[in-house]
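Architecture at a glance
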Amino acid sequence: MTSAHDRAMVERLRATAEEAMRRAYAPYSGFRVGAALLGRDGGVFPGCNVENAGYSSTICAERTAVTSAVVRGVRELELLVLVTESDEPTPPCGVCRQVLVEFAPDLPVISFAGGREARWNLAELLPHPFTPASLGRV
Ligand SMILES: [Zn+2]
């Protein structure tokens, strides 16, 4: 367990994710999600879901966090923390798993909801991923 997983860091990311969740734009689902990604450089990148009247144009909190990191030049990701208002902690959806695996195949994921905490690893959530290696690009 690295310092990235220290309780203080997890709580910092959780607070960032909660703040992001409050900014979520989710008028259709009412399912607000906040995310916080820790970059290897120590940067913290928030994300929230942003829905759209054209439903397929909706983007999840995890992907807004990833794009926020990448646009700042950070592609090495250490930890993802999620917060929702549901009864049970939720893992990233399939699309987000695919986006995350591009940058961090073994990314630890911690999800908070309903007073509970769940932990996964992206390799566990997305076995047999399609990666740059699948295209012969590694
Ligand atoms: Zn998603």
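Above this text sits the structure in question.
Before going into details, it helps to say that this report is about the structure given with it. Source: prediction; values computed, not measured.

1. Some details on the packing of helix α2 (residues 61–71) against helix α3 (residues 94–103)
At a closest axis distance of 9 Å, the pairing of α2 and α3 adopts a crossing angle of 25 degrees. As judged from the angle between their axes, α2 and α3 are roughly parallel. When the axes of α2 and α3 are compared, the crossing they make is left-handed. From α2, E62, R63, V66 and V70 reach across to α3, where they touch V95, C96, V99, L100 and F103. Tallied by class, the residues present in the contact of α2 with α3 amount to seven nonpolar, no polar and two charged.

2. A look at a nonpolar patch on the surface
Together, Y25, Y28, V50 and Y55 make up an exposed nonpolar region whose accessible area comes to about 440 Å². Turning to its location among the elements, Y55 is positioned in the loop between β2 (44–48) and α2. In this structure Y55 comes out as exposed when scored by relative accessible area, which is 60%.

The rules behind these values
Residues numbered from 1 in each chain as written. Predicted model: local features only at pLDDT ≥ 70, side-chain atom pairs only at ≥ 80, totals over all residues. Heavy atoms only, no water. Axes fitted to C-alpha atoms, helices over the stretch in contact; angles between N-to-C directions. Helix = DSSP H or I, 4+ residues; strand = E, 2+ residues; numbered from the N terminus. Parallel < 35°, antiparallel > 145°, perpendicular 65-115°, else oblique. Left-handed = near helix turned anticlockwise from the far one by under 90°. Contact = heavy atoms within 4.5 Å. Nonpolar A, V, L, I, M, F, W, Y, C, P; charged D, E, K, R; others polar. Patch = residues over 30% accessible without salt bridge, like charges linked within 9 Å, V, L, I, M, F, W, Y side chains within 5 Å. Areas by Shrake-Rupley, 256 points an atom, 1.4 Å probe, with all protein chains shown as cover. Salt bridge = Lys/Arg side-chain N within 4 Å of Asp/Glu carboxyl O. Buried < 20%, exposed > 50% of the residue type's maximum accessible area, 1.4 Å probe, protein only.

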